Amino acid sequence: MIRDTEGLVVAGLAPPSMRATLDQVAARYAVAITPAIEALIQTPNDPIGRQFIPDPAELDHLPHELADPIGDEAHSPLPGLVHRYPDRVLLKPVLVCPVYCRFCFRREHVGPGSGAMTPTQIDAALAYIEQRPGISEVILTGGDPLMLASRRLADLLSRLRQIPHIDLLRLHSRVPIADPSRITPDLLEALGPVWLVIHANHAREFTQEATAALAQLHSAGASLLGQSVLLRGVNDSAQALESLFRAMLRARVKPYYLHQLDPAPGTARFHVPIEEGRRLLAELRGRVTGLAWPTYVLDIQGGHGKVPIGPDYLDADGVRDPSGQPHPLARGGTAV
Ligand code: SF4
């Protein structure tokens, strides 16, 4: 397991000459690369290496970049709880992850020293949820909730299941991809029937081991969705996105969201403009099954919520087909 610059140099993922600069990056933003991910890195700048190997450019912060780009804090009534939409809350029981992504939108908050919610904070968050019958969904995120010990996770999920107005339990995780060995019988029993959103950005992340772990989760009753981030040098071509979404489907993971990169500090090297993202998705339309089509979304800065950002097929003149040809709409809304 690589956890520092020394580990990167020993693994041949960074030259010794960069050690001092990368130490500065690592002092600011956590570093971790699991053996499963390390095995996938062919060169430091390949689509896997770029996601996890720290880079001196992370020390360059641009004026528009924000420590909390999606505005969690503006909607956080209690530590570890975010209540942005009326029917759902985010709960962040831990702020540790199996790997630390260099483009993470919570990079200022996650890391090995960032700890977990205390029992008192968990009690307060659950009481908040209990008192609000309009909340029907709890989303466990972090950090990565599958980094919790199975017993603690089982206890938390069981307490949430006892709240009568909670219909949906959803967890967001990198673990089945980054450390499939954590998907143990204990963890499967702890989870039970939940919605599990798997974070993956490149087709090569769906290894045999990861796919086997996902199959076990599926058999244990988890409904699997995929979320990805559009990233320069990782998946910024129609071919790379097609391969990623097809790999997800083969692993029984329905592509759910493709996120526009949130402008967290030091992440500019991953930025792909929205117009380019819309073009890439338009290229996929008609070329891949609709099952392989995620919603391309943007989290509006300041905590104003997440919205789809296209591509669009309707305009004042009618509707465009997948090849881009316009067609007028007949009365009643049917294209002719
Ligand atoms: S796993 Fe998620 S929370 Fe953790 S570093 Fe990656 S993007 Fe951030």
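Source: prediction; values computed, not measured.

A. A look at the layout of surface pockets. Taken as a whole, the largest pocket encloses approximately 890 Å³ of empty space. What lines the largest pocket is a set of 42 residues, and nearest its centre among them are F105, R106, T141, H172 and Q227. Residue assignment for the lining of the largest pocket shows that the elements contributing at least two residues are β1 (81-85), β2 (88-91), β4 (168-173), β6 (223-229), β7 (254-259) and β8 (295-300). Within the lining of the largest pocket, the residues separate by chemical class into 22 nonpolar, 9 polar and 11 charged. What the second largest pocket holds in volume is close to 300 Å³. As for the second largest pocket, its lining consists of 19 residues, of which P79, G80, K92, L95 and H109 are closest to the centre. Across the lining of the second largest pocket, the residue classes break down as 8 nonpolar, 6 polar and 5 charged.

B. Fine view of the environment of S323. Its location among the elements puts S323 in the loop between β11 (318-320) and β12 (326-327). Along the chain, S323 and E283 lie 40 residues apart, while their C-alpha atoms are 8.2 Å from each other. Within polar-contact distance, the side chain of S323 engages the side chain of D321 at 2.7 Å.

C. Region of interest: the nonpolar core. In this structure, I37 and I129 are the most contacted members of the largest nonpolar core, which totals 88 residues. Ranked by residue count, the leading element in this core is helix α10 (residues 238-250), at 6 residues. Each residue touching I129, except ones within four places of it in the same chain, is listed here: L81, V89, I135, V138, L160, I163, H165 and I166.

D. Fine view of the site of the ligand. Every residue close to the ligand is listed here: C97, V99, Y100, C101, C104, G143, R174 and H199. Residues of the shell around the ligand, tallied by class, amount to 5 nonpolar, 2 polar and 1 charged.

The rules behind the values
Residues numbered from 1 in each chain as written. Predicted model: local features only at pLDDT ≥ 70, side-chain atom pairs only at ≥ 80, totals over all residues. Heavy atoms only, no water. 1 Å grid on protein atoms, 1.4 Å probe; cavity = no way out; pocket = protein on both sides within 12 Å on 5 of 7 lines; lining within 4 Å. Points joined across faces, edges and corners; volume = space filled by probe spheres on them. Helix = DSSP H or I, 4+ residues; strand = E, 2+ residues; numbered from the N terminus. Nonpolar A, V, L, I, M, F, W, Y, C, P; charged D, E, K, R; others polar. Polar contact = N/O pair within 3.5 Å; in protein donor to acceptor, adjacent residues only side chain to side chain. Core = buried A, V, L, I, M, F, W, Y, C linked by side-chain atoms within 4.5 Å. Buried < 20%, exposed > 50% of the residue type's maximum accessible area, 1.4 Å probe, protein only. Contact = heavy atoms within 4.5 Å. Near = heavy atom within 4 Å.

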